[in-house]
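Chain and residue survey
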Amino acid sequence: MKKQIAVILGDGIGPEVTQQSIKILDAIAKQYNHEFTYEYCLMGADAIDKTGSPLPDETLTTCLASDAILFGAIGHPKYDNDPTAKVRPEQGLLKLRKSLQLFANIRPVNTYTSLQHLSPLKAKNLEGVDFIIYRELTGGIYFGKKETSADGQSATDDCTYSIPEIERIAHLAFQHAQKRRKKLTLVDKANVLETSRLWRKVVQDLSSQYADVAVDYMFVDNAAMQIIVNPKQFDVVLTENMFGDIISDEASVISGSLGLLPSASVGSSVALFEPIHGSYPQAAGKDIANPIGSILSAAMLLDHFGLTVEADLVRSGVEWTLQHGFVSKDIDPINCYSTSAIGDLIRDFTENKLPTDINNNIRLSQSTII
Ligand SMILES: NC(=O)C1=CN([C@@H]2O[C@H](COP(=O)(O)OP(=O)(O)OC[C@H]3O[C@@H](n4cnc5c(N)ncnc54)[C@H](O)[C@@H]3O)[C@@H](O)[C@H]2O)C=CC1
Ligand SMILES: CC(C)CC(=O)C(=O)O
Ligand SMILES: [Mg+2]
């Protein structure tokens, strides 16, 4: 299979985690006789520095001409710490999502036996946690009209949703629930927000088309608590943009780290694959970030190409490293391995070439642990 992949390394840890995914994709391509070519594109703070724009036109053109997009992360403290900055890295990401109509962001959450000790949950509540968050990605408050009053004394962010915007992601979530445990939970704030009441109405109306799916409605404040105390109750969680952003970072705590969770963003054209975390600037260039969110996103990309055997092999490699304690600093601050060492191990696993003298060769020296 021949595929062109647009790669956006981005800022902070974006490049170093994405490079691990690329070396694994290369190993998979070699082994299974595929041809993956990569077109590197700029976005975020890196793009602002080089071109003045957070999303240069060429990036959009290349993404549209590609079979999939692999994305790291964007964001830089010089913008985070300057609330008056007019051009911001995040504008590039939001514009990319909107331009490509990537309206559904799919974020799977599961647990690993070897990481259960990291979770705040009791073991009995963790076993078998497996749910998927469908986060709406191109509407809501992130895309509403933004305004600061002339005197600078007040600011506004509008939140708007239309029925078609809700319906298109709801159909995907219902269809996914049908293939799983047949339960869909709509997370909203329908006791307060007009947009949430529209979400409830649309989901209620659509539910008759999916009679085999049990639908549950939960307010987001309660959901934030239920995710921690009883995550097993969830199968497919459907929610709007900002709520999905927040509850998915929260849900990563169940797995063990924000660095573990992948995502796929799909819409009407090319799909994009990215870890759910941001650019984690404190770790940039230190080779300490967890690459697994990115690597599992690459596995979702392989699934998207229909390469499920290859995707499962990558996931097995991830599980193998976790089971054998080859983990990054966020998982074990003392006995930890570098970003690139974990990438190498997962690549070697996929090639059936695991090193025999692992402990001597790739254990980080104490001096590299910060
Ligand atoms: N999709 C994207 O590109 C996103 C970009 N951002 C941007 O990233 C920048 C930093 O934002 P933060 O709120 O600090 O979120 P963040 O996700 O970058 O980091 C939050 C914390 O999560 C942990 N973490 C995140 N990724 C990790 C990894 N791979 N390995 C180990 N630990 C990891 C670290 O403890 C870190 O301090 C900001 O500029 C923000 O706008 C934030 C979220 C998503
Ligand atoms: C620019 C932000 C909306 C990025 C983010 O937090 C995310 O997509 O998870
Ligand atoms: Mg987020």
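From a predicted model like this one, the values you see are computed outputs, not experimental measurements.

**Some thoughts on the overall build of the protein**
A count of helices and strands for the protein gives 14 helices and 12 strands. Its C-alpha radius of gyration of 21 Å places the protein within 12% of the 21 Å reference for a compact globule of 370 residues. The C-alpha extent of the protein, read off along each of the three principal axes, is 60 × 50 × 40 Å. Here the protein, with 370 residues, has 48% of them falling under the buried criterion.

**Looking at the UniProt feature "binding site: Mg(2+)" (unreviewed entry) in the protein**
Within this numbering scheme, the UniProt entry marks Asp221, Asp245 and Asp249 as carrying the feature "binding site: Mg(2+)" (unreviewed entry). A maximum C-alpha distance of 14.5 Å among these annotated residues, which run over 29 residues, shows that they cluster at one spot. Relative to the helices and strands, aspartate 245 resides in helix α10 (residues 241–255). A tally of 18 C-beta atoms within 10 Å means that aspartate 245 is categorised as partly exposed. Along the chain, the position of aspartate 249 falls in helix α10. Residues within four places of aspartate 249 in sequence aside, it is in contact with Leu258 and Ile276.

**Digging into the domain arrangement of the protein**
What the domain assignment lists for the protein is domain 1 (1–100 + 269–370) and domain 2 (111–146 + 155–257). Using C-alpha coordinates to define each centre, domain 1 is positioned 25 Å away from domain 2. With 10 residues of domain 1 in contact, the opposing surface of domain 2 contributes 13 residues. Looking at the side of domain 1 that touches domain 2, its residues break down into 4 nonpolar, 2 polar and 4 charged.

**A few points about the site of ligand 1**
Neighbouring residues of ligand 1: 23 residues in total, closest Gly75, Gly259, His277, Gly278 and Asn290. The residue inventory of the shell around ligand 1, partitioned by class, reads 9 nonpolar, 10 polar and 4 charged.

What counts, and where the lines are drawn
- Residues numbered from 1 in each chain as written.
- Chains lettered and ligands numbered in written order.
- Predicted model: local features only at pLDDT ≥ 70, side-chain atom pairs only at ≥ 80, totals over all residues.
- Helix = DSSP H or I, 4+ residues; strand = E, 2+ residues; numbered from the N terminus.
- Rg over C-alpha atoms; globule rule 2.2 N^0.38 Å.
- Buried ≥ 20, exposed ≤ 12 C-beta atoms within 10 Å, placed from the backbone.
- UniProt positions renumbered as here; feature names shortened; annotations may be inferred.
- Contact = placed C-beta atoms within 7 Å.
- Domains from an automatic or database assignment.
- Nonpolar A, V, L, I, M, F, W, Y, C, P; charged D, E, K, R; others polar.
- Near = placed C-beta within 6 Å.

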